[in-house]
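Residue strings, one per chain:
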Amino acid sequence: MEWTDQEAVERVRTGDSDAFRVIVERHSRNLFRLAFRMTGNEPDAEDCVQETFLRAYRQIRAFDGRSSLRTWLYCIAANYSRDLIRMRQRRQERIQPPDAEAGDRIEALPAQAPLPDRVAWSGQVREILGTAMDRLSPLERSAFVLRHHEGKRLEEIGAILGIQPNAAKQSVFRAVQKLRRALQPAMGVR
Amino acid sequence: MSHLSEEQLMLHYYREGDESRHLDSCPACRNEFAALQAALDAADDLPVPERGAGYGGEVWRRIAPRIAARPRTRVIQFPRWAAIAAVAAMLLLAFYAGRFSRGPQPAPATAIPAEVRERILRVTVGDHLERSQRVLAEVVNSEDPVEPERVEGLLSENRLYRQAARREGNVPVTILLEELERVLLEVAHAVPDDRGRVRRLIESEGILFKVRVAGSTLRDKEKIWKVKSWL
Ligand SMILES: [Zn+2]
């Protein structure tokens, strides 16, 4: 029984909750990848995957089929991830109040000693990037992941995150600038 | 001819713009683009933990109980007004039983078997916690104010369930509902300027987490009960 997403949705709507299983099994891995890139850690990503499906199930009647089911699920996941990052940042702020401009400052992470070994070097780049990703605002991070890793067009990103395409472009651009500045010392470019 | 801006280079990288002609003829911008490309390509290598082919099934197993216990199906078996009425009846019976037995400790509502009373509490409180969790999450995450009637409704149910839980001697649920009631009161009485303070309170008490854990524990217990009752 290989239902299309649309067929599975129809069945769920008639009360067949087992049809939802088809949807969950089909989309979980992709959603996890998206959620992990957005939140940067496994517990939050797992939470996001589950919450996305629960919300989708509750709101299945609101799915109008204008976009693909996958895009709709991405929309729920992206917005929930954004909430999670926001909550996490707020928690961190309580522990460690940020100075006023920290959010807007585009800064380079301190340069590390040059490592000749390529593996070690790429490990260092990853670490710098990971930290820089965590410093992005929730919106910048979501928009960047959707553009860079998921290949969504700026217009689609706007629709997913509920912002204008131009705001989506600005968010991606700011994220790119911040990541680039952070990487400059390691990449050896000025 | 002016050089390409960083934004134009980015749009070119993501193929949302085409600057090939300029890049073909301008070494300076070509260099700039190469640097941007190197930085952005590095982001491709950020590792993501692998999830195997069975992952979808695993996620399903985790969420299936919550989907099976959806309000839509529960409404038919166990309408909410009936649940509230049942808890109210439990309290009333307990009150009269205590009054007529004149013992130092009021006797429990003997007219309803203990197991049924426990189940009524479990289902109603589980449902109540789920709704409270949603409202608190909205307070924390959304900029829009939560409708006051929803909070008021939760508050009056909370009082009822708290009394019933105490009467049943269910200490953990009683404590949780007391805590929840304090937070709900703050939410109900907060003026718009208080939003930040209320959010901090919700987060510092960790109440959302406690409510979520307790809710899922009650749901699991109910699931076990259902399975046992089929055997
Ligand atoms: Zn140029």
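In what follows, the structure referred to is the one given above.
The rules behind the values
- Residues numbered from 1 in each chain as written.
- Chains lettered and ligands numbered in written order.
- Predicted model: local features only at pLDDT ≥ 70, side-chain atom pairs only at ≥ 80, totals over all residues.
- Heavy atoms only, no water.
- Axes fitted to C-alpha atoms, helices over the stretch in contact; angles between N-to-C directions.
- Helix = DSSP H or I, 4+ residues; strand = E, 2+ residues; numbered from the N terminus.
- Left-handed = near helix turned anticlockwise from the far one by under 90°.
- Contact = heavy atoms within 4.5 Å.
- Donors = N, O, S within 2.8 Å, 3.2 Å for Na, K, Ca; no water.
- Buried < 20%, exposed > 50% of the residue type's maximum accessible area, 1.4 Å probe, protein only.
- 1 Å grid on protein atoms, 1.4 Å probe; cavity = no way out; pocket = protein on both sides within 12 Å on 5 of 7 lines; lining within 4 Å.
- Points joined across faces, edges and corners; volume = space filled by probe spheres on them.
- Nonpolar A, V, L, I, M, F, W, Y, C, P; charged D, E, K, R; others polar.

A. Structural detail: the packing of helix α1 (residues 5-13) of chain A against helix α2 (residues 19-39) of chain A. Residues and elements named next belong to chain A. In the contact formed by α1 and α2, the axes pass within 7 Å of each other and the chain directions differ by 140°. Note that α1 runs across α2; the crossing there is left-handed. The residues of α2 that touch α1, namely those facing Asp5, Ala8, Val9, Arg11 and Val12, are Ala19, Phe20, Ile23, Arg26 and His27.

B. Representation of the coordination of the zinc ion in the model. All names here are of chain B. The protein atoms donating to the zinc ion are His3 (ND1), His22 (NE2), Cys26 (SG) and Cys29 (SG), with metal-donor distances spanning 2.1 to 2.3 Å. In primary sequence terms, the donor set of the zinc ion follows H-x18-H-x3-C-x2-C. Here His3 is found in the segment before α1 (6-13), whereas its partner Cys26 is found in the loop between α2 (20-25) and α3 (27-44), with 23 residues between them in sequence.

C. Focus on helix α6 (residues 138-148) of chain A. Counted residue by residue, α6 of chain A has ten buried out of eleven residues, so it is predominantly covered. Within the sequence span of α6 of chain A, burial applies to Pro138, Glu140, Arg141, Ser142, Ala143, Phe144, Val145, Leu146, Arg147 and His148 of chain A.

D. Structural context of the layout of surface pockets. Taken as a whole, the largest pocket holds about 860 Å³ of empty space. Around the largest pocket, the lining comprises 30 residues; the ones closest to its centre are Tyr80 and Met87 of chain A together with Ala137, Asn141 and Arg212 of chain B. Only α3 (42-58) and α4 (69-95) of chain A together with α7 (114-141), α10 (195-205) and α11 (207-230) of chain B provide two or more residues apiece to the lining of the largest pocket. Per-element tally for the lining of the largest pocket: the top contributor is α4 of chain A, with ten residues.

E. Quick peek at empty space enclosed by the protein. Enumeration according to the criterion identifies two cavities of 30 Å³ or more in this entry. Approximately 30 Å³ is the volume found for the second largest cavity. When grouped by side-chain class, the residues that make up the lining of the second largest cavity number two nonpolar, no polar and four charged.

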